[in-house]
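Secondary and tertiary structure notes
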Amino acid sequence: MEFLIHNLAPIMFGGLIVFLLMGFPVAFSLGACGLFFGFVGIELGILPQSLLQALPLRLFGIMQNDTLLAIPFFTLMGLILERSGMAEDLLDTIGQLFGPLKGGLAIAVILVGALLAATTGVVAASVISMGLISLPIMLRYGYDRRVASGVIAASGTLAQIIPPSLVLIILADQLGRSVGEMYKGAFIPGFALTGLYLGYIILLTYIRPTWVPALPPEARTIREDNGTSGLRSLGILTVLTTAVAVYFGQHYAQVISLFKGEAVLTVATDETIVVALCAGVMLAFVIAVVNKVTRLGLLSRMAERVTFVLIPPLLLIFLVLGTIFLGVATPTEGGAMGALGALIMAMSRGRLNMTLLKQALTSTSKLSSFVVFILVGSTVFSLVFQGVDGGKWVEHLLSTVPGGQVGFLIVVNLLIFFLAFFLDFFELAFIVVPLLAPVAEKMGIDLIWFGVLLGVNMQTSFMHPPFGFALFFLRSVAPSKEYTDKVTKQTIQPVTTMQIYWGAVPYVFIQIIMVGLIIAFPGIVSSGLDKKEVIDLDKVVLEVQADAPTPAISAPVAADGMPVPTEDKAAEDDPMKAMQQSMEKDKK
């Protein structure tokens with residue numbers, strides 16, 4: 001019995017692992033484990049009976065959490081955009097743009113994946129959309145199946161780290177930090193990871209050029225009347241808009257000073273980037289509209305097509321992320337505006353109908369209910385776990401790791417990586433992160449930086465077997481039997497599950513490299529990098545110096561033995577007199 005009393009926290013954690021390995025649903029495993037060990041703790045005298053009385057208040061706190069409202073909004077936005085045809089237009093246009101290059105289709109998939117990640121925030125929507133649209137084209141023109149499947153699955157997982165990401169919302173909630181700050185922190189790492197993906201494809205074009213062939217001339221459909229590609233016009237437009245964006249970004253502080261009427265010396269980097277990009281995009285849009293209306297021939301067909309296809313998602317990105325970074329809207333309000341923008345885009349394309357809306361709302365309700373049920377279960381578990389001093393057990397376990405902060409981070413990331421083989425990111429965020437956050441904060445690690453680091457690491461949960469959900473999503477849309485291509489009339493062999501698994505392996509290594517870069521260069525995370533000095537309250541010593549005793553002052557006594565009212569006593573009795581005395585003291 002003594003052993004059980006002194007080791008209830010590790011036994012409780014081990015019991016949860018047993019529940020999960022037996023295949024019980026995560027939400028119910030967490031709740032059942034918490035309640036069972038709560039009653040055991042009460043019977044053993046470790047926990048007071050009043051502990052479980054706090055549970056209803058914790059559950060009502062979940063329902064009153066405004067941060068979680070962003071989840072259904074961003075989910076609805078992503079599902080509507082998935083069915084609005086935006087991904088199809090993006091892949092077709094950018095595929096035509098980069099098609100003449102070796103690896104051009106793979107580059108197009110990565111860029112479109114980043115754009116979809118910045119608009120949808122849902123991994124499933126991105127992977128399924130790109131798998132349905134781009135995988136048949138890549139197979140048609142001779143791409144290696146491992147490369148084609150790997151690049152689609154990896155590009156879809158960018159939705160997990162590039163804002164607006166559902167993972168970042170949940171991590172911010174579990175870490176007790178602002179969603180907006182978490183989005184700012186993940187802004188640069190998300191696009192840096194995109195750059196590493198592009199670097200890998202470019203490397204393949206030199207090492208294995210036959211795996212990533214260019215599009216043949218007959219597949220390039222966007223051309224001018226004289227047969228040229230029209231890329232020169234697009235290049236000039238890109239240089240012009242980039243120069244305007246850079247110039248605007250350099251003078252953005254002066255523009256704000258002009259509007260506010262006061263000198264503004266510095267502006268946040270992420271805010272400057274978003275606003276400068278918006279200025280360049282709006283200039284390109286104005287030029288394209290003028291060219292289309294006046295028919296002056298300022299732009300080629302390729303330049304005009306690229307501009308009109310890229311404008312809607314870029315404007316939606318500014319509508320969501322721009323308003324959040326500028327402080328105009330909270331993440332919940334930004335998600336609501338994004339959902340409204342997605343509805344308007346689908347309506348303008350003629351894709352919005354009751355069937356689409358019903359499917360999107362049903363899927364949104366299912367995902368939101370799934371998140372809330374897991375959060376309820378994790379709340380029950382964490383309440384009891386903290387009650388049996390589980391937090392101190394975890395802190396003692398991790399704080400004794402050699403190497404200080406670096407050693408702690410290495411152990412934590414190895415733990416997250418291996419747990420991701422069996423748990424998805426929701427389960428990791430609700431079970432593991434609340435146990436790690438107090439230890440990280442006590443060691444002086446900024447929780448925004450820590451959350452972004454864990455977010456990049458959790459991407460691997462989508463990519464490696466046996467529970468890589470991005471691989472499952474791709475498997476559901478990849479051809480499992482040979483078929484005849486509609487364009488070339490050739491027989492296309494199926495994509496096997498092992499080819500999908502092997503295609504994902506290089507990107508798992510790239511994500512691990514990104515984790516190492518964030519640890520080695522913390523400045524990659526663009527917010528909350530200042531390490532704050534942490535004060536251990538257990539080691540605080542209060543020293544009070546005893547003052548000399550104040551001599552007693554006797555009050556004047558009248559002839560009848562009663563004390564004479566002093567000036568202060570008279571002020572207490574007469575408020576007007578007290579006010580006059582206060583004004584006289586201020587004058588002095």
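Right above here is the structure, for reference.
The following refers to the structure shown. All values derive from a computational prediction rather than experimental measurement. (Residues numbered from 1 in each chain as written. Predicted model: local features only at pLDDT ≥ 70, side-chain atom pairs only at ≥ 80, totals over all residues. Heavy atoms only, no water.)

**Considering the environment of C278**
The condition that has to hold: For helices the rule is a DSSP run of H or I covering at least 4 residues; for strands it is a run of E covering at least 2, with both sets numbered from the N terminus onward.
You can see C278 is positioned in helix α14 (residues 269-294). Measuring from C-alpha to C-alpha, the distance between C278 and L315 comes to 7.6 Å, with 37 residues separating the pair along the chain.

**Quick word on the packing of aromatic side chains**
Inclusion rule: Only centres within 6.5 Å qualify two rings of Phe, Tyr or Trp (six-membered ring in Trp) as a pair; their planes then separate them into stacked at under 30 degrees, edge-to-face at over 60, and tilted for everything else. Here the term buried applies to any residue with accessible area under 20% of the maximum for its type, exposed to any over 50%, and partly exposed to those in between, with areas from a 1.4 Å probe on protein chains only.
Per the counting criterion, the structure on display carries 14 aromatic pairs. Judged by centre distance (5.2 Å) and plane angle (85°), the rings of Y197 and Y507 are edge-to-face. Remark: Y507 occurs in helix α24 (residues 497-520) and Y197 occurs in helix α11 (residues 179-207); sequence separation between them is 310 residues. Both residues of the pair, Y197 and Y507, belong to the buried class. Ring geometry for F408 and F450: centres 6.2 Å apart, planes at 25°, overall stacked. In this pair, F408 sits in helix α19 (residues 404-419) while F450 sits in helix α22 (residues 447-458), placing the two residues 42 residues apart along the sequence. Taking relative accessible area as the criterion, F408 reaches 1% and is therefore assigned buried. In textbook terms, an aromatic cluster arises when at least three aromatic residues are bridged by ring pairs, as seen for Y197, Y200 and Y507.

**Digging into the pattern of salt bridges**
We apply this condition: A side-chain nitrogen of Lys or Arg and a carboxyl oxygen of Asp or Glu constitute a salt bridge if their distance falls within 4 Å.
Within this structure, the stated rule accounts for five salt bridges. Put simply, R146 and D144 hold a salt bridge, and the shortest N to O gap is 3.3 Å. In this structure D144 comes out as buried when scored by relative accessible area, which is 17%.

**A closer look at the packing of α22 against α24**
The criterion, for reference: Every axis in this analysis is a line fitted to C-alpha atoms, fitted for helices over the stretch in contact. Angles between the N-to-C directions lie between 0 and 180 degrees. For classification purposes, angles smaller than 35 degrees are called roughly parallel, those larger than 145 roughly antiparallel, those between 65 and 115 roughly perpendicular, and all remaining angles oblique. For any pair of crossing helices, the crossing counts as left-handed if the nearer helix is rotated counterclockwise from the farther one by less than a right angle, and right-handed if it is rotated clockwise. Whether two residues are in contact is decided by their heavy atoms, any of which lying within 4.5 Å being enough.
Between α22 and α24, the least distance of the axes is 9 Å, while the angle of their chain directions is 165°. Compared by their axis directions, α22 and α24 come out roughly antiparallel. Seen from above, α22 lies across α24 with left-handed handedness. Between α22 and α24, the contacting residues are W449, L453, V456 and N457 on the first element and Q511, M514, V515, I518 and I519 on the second.

**Points about the packing of α11 against α22**
For clarity, the threshold we go by: Put simply, Ala, Val, Leu, Ile, Met, Phe, Trp, Tyr, Cys and Pro go in the nonpolar bin, Asp, Glu, Lys and Arg in the charged bin, and everything else, Gly too, in the polar bin.
For the pair α11 and α22, interaxial distance at closest approach is 9 Å and the crossing angle is 50°. Here α22 runs oblique to α11, going by the angle between their axes. Classified by chirality, the crossing of α22 by α11 is right-handed. For the pair α11 and α22, the contacting residues are E181, M182, G185, A186 and P189 in the first and L447, I448, G451 and V452 in the second. For the contact of α11 with α22, a count of residues per class yields six nonpolar, two polar and one charged.

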